Amino acid sequence: MTDRIPFTKMHGAGNDYIYVNAMLHPVADPIEASIKWSDRHKGIGSDGLVLIDHSPIPEADYSMRIFNADGSEAMMCGNASRCIGKYLYERGLTDKKEIRLLTRSGIKNLILSVNDGIVERVTVDMGEPVFEDTKQFVDAKGLDNGIFVSMGNPHYVIFTDDVDIVDSKGRVLEYHSAFPQRCNIEFARVEADGSIRTRVWERGSGITQACGTGACATAVAAALTGKASRQSQIVMDGGTLDIEWRESNNHVYMAGPAAFVFDGEI
């Protein structure tokens with residue numbers, strides 16, 4: 001008899017994942033499950049699968065593993081981290097309003113803004129950005145001034161007036177030889193009001209409604225090049241995220257909503 005796995009569909013600014021409490025319901029083959037379940041026509045439909053589990057180390061409260069829609073495992077995900085904070089608190093798994101979450105790119109601290117038992121907003125300490133000069137060997141087919149920023153996973157941010165070229169250029173750049181492990185690609189435009197309109201091609205998932213680490217990378221790239229201050233609003237297809245790159249500790253903080261969509265079994 002086939003096991004039935006309870007799941008919860010959640011999204012952060014439209015970046016949607018399938019969440020499974022692996023502490024109670026381990027998934028034997030998360031790669032295969034993510035591919036099948038993420039299918040928007042024949043499965044649940046999502047950008048990937050997130051497993052919430054115990055932490056194997058005392059320095060963290062819980063751990064996460066995240067698998068993209070193509071089955072590849074990601075280092076971490078900012079939007080998924082926010083959703084995990086809401087899930088853990090509102091499902092009664094913790095009463096902490098500050099949660100230490102172990103990811104493949106280290107421990108991320110989640111700060112929950114709670115009102116009458118509801119987590120309305122989550123701020124994630126994303127740590128320090130890491131830079132690498134890829135411009136010299138990336139042929140972006142006419143799109144120059146790309147900036148590489150790692151936020152625990154790799155991002156290449158290109159400032160352009162036409163952010164909709166993500167449709168034609170995203171996949172080309174994800175698989176470019178300059179990125180042997182592939183790369184997340186952001187196309188960004190600074191607006192008159194100071195916000196930054198950004199569209200994302202996410203490694204392993206394609207165009208997504210939002211990307212938390214991508215928003216952080218875009219904000220850092222904009223501040224680094226003088227296009228914005230250290231605080232900015234990143235406007236993505238699915239919503240807006242508030243990003244602060246603090247001078248005091250060089251950490252990037254991402255704040256935004258998280259939402260339940262539905263529960264089910266598969």
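That block above? That's the structure.
In this report, we go over the structure that sits alongside the text. (Residues numbered from 1 in each chain as written. Predicted model: local features only at pLDDT ≥ 70, side-chain atom pairs only at ≥ 80, totals over all residues. Heavy atoms only, no water.)

### Looking at the packing of aromatic side chains
Then comes step 1: Within the structure shown, the criterion is met by four aromatic pairs.
Then comes step 2: Ring geometry for Phe 148 against Phe 179: centres 6.5 Å apart, planes inclined by 20°, an arrangement best described as stacked. Of this pair, Phe 148 sits in strand β10 (residues 147-150) while Phe 179 sits in the loop between α3 (166-174) and β12 (184-190), and the two are 31 residues apart along the sequence.
Then comes step 3: We classify Phe 148 as buried; its relative accessible area is 11%.
Then comes step 4: On the accessibility criterion, Phe 179 (6% relative accessible area) is buried. (Phe/Tyr/Trp six-rings, centres within 6.5 Å; stacked < 30°, edge-to-face > 60°. Helix = DSSP H or I, 4+ residues; strand = E, 2+ residues; numbered from the N terminus. Buried < 20%, exposed > 50% of the residue type's maximum accessible area, 1.4 Å probe, protein only.)

### Focus: the state of the cysteines
Then comes step 1: If you walk through the whole model with that rule in mind, you get zero disulfides.
Then comes step 2: Of all cysteine sulfurs, the one in Cys 77 lies closest to Cys 83, which takes part in no disulfide; the gap is 8.0 Å.
Then comes step 3: Between Cys 216, a cysteine without a disulfide, and Cys 211, which holds the nearest cysteine sulfur, the sulfur-to-sulfur distance is 8.6 Å. (Disulfide = S-S within 2.5 Å.)

### Description of α3
Then comes step 1: Of all the residues in α3, the buried ones are Val 166, Gly 170, Leu 173 and Glu 174. Taken end-on, α3 shows its buried residues confined to a sector of 95°, consistent with a single buried face.
Then comes step 2: Summarising the contacts, the buried residues of α3 are in contact with β11 (154-159), β12, β13 (196-202) and β14 (206-208). (Arc of directions from axis to C-beta. Contact = heavy atoms within 4.5 Å.)

### Observations regarding unusual backbone geometry
Then comes step 1: One non-glycine residue with positive phi stands out, namely Ala 13, at about 55°.
Then comes step 2: Relative to the helices and strands, Ala 13 is located in the loop between β1 (6-12) and β2 (15-21).
Then comes step 3: Positive phi, normally seen in glycine, also occurs at Asn 250, with a value near 65°.
Then comes step 4: For Asn 250, the position within the fold is in the loop between β16 (239-245) and β17 (252-256).

### Structural notes on the pairing of β12
Then comes step 1: Counting buried residues in β12 gives five out of seven residues, a clear majority hidden from the surface.
Then comes step 2: Note that β11 and β12 share five bridges and pair parallel. Across the sheet, the residue bridging to His 155 is Asn 184, located in β12.
Then comes step 3: In terms of handedness, the path from β11 via α3 over to β12 forms a crossover that is right-handed.
Then comes step 4: As defined by bridge partners, β12 adjoins β13 across six bridges and the pair is classed as antiparallel. From the neighbouring strand, Phe 187 faces β13, where its bridge partner is Arg 199.
Then comes step 5: Connecting the antiparallel pair β12 and β13 is a turn made up of five residues, with Gly 194 showing a positive phi of about 95°. (Pairing = 2+ DSSP bridges. Right-handed = clockwise from strand over helix to strand, strands pointing away.)

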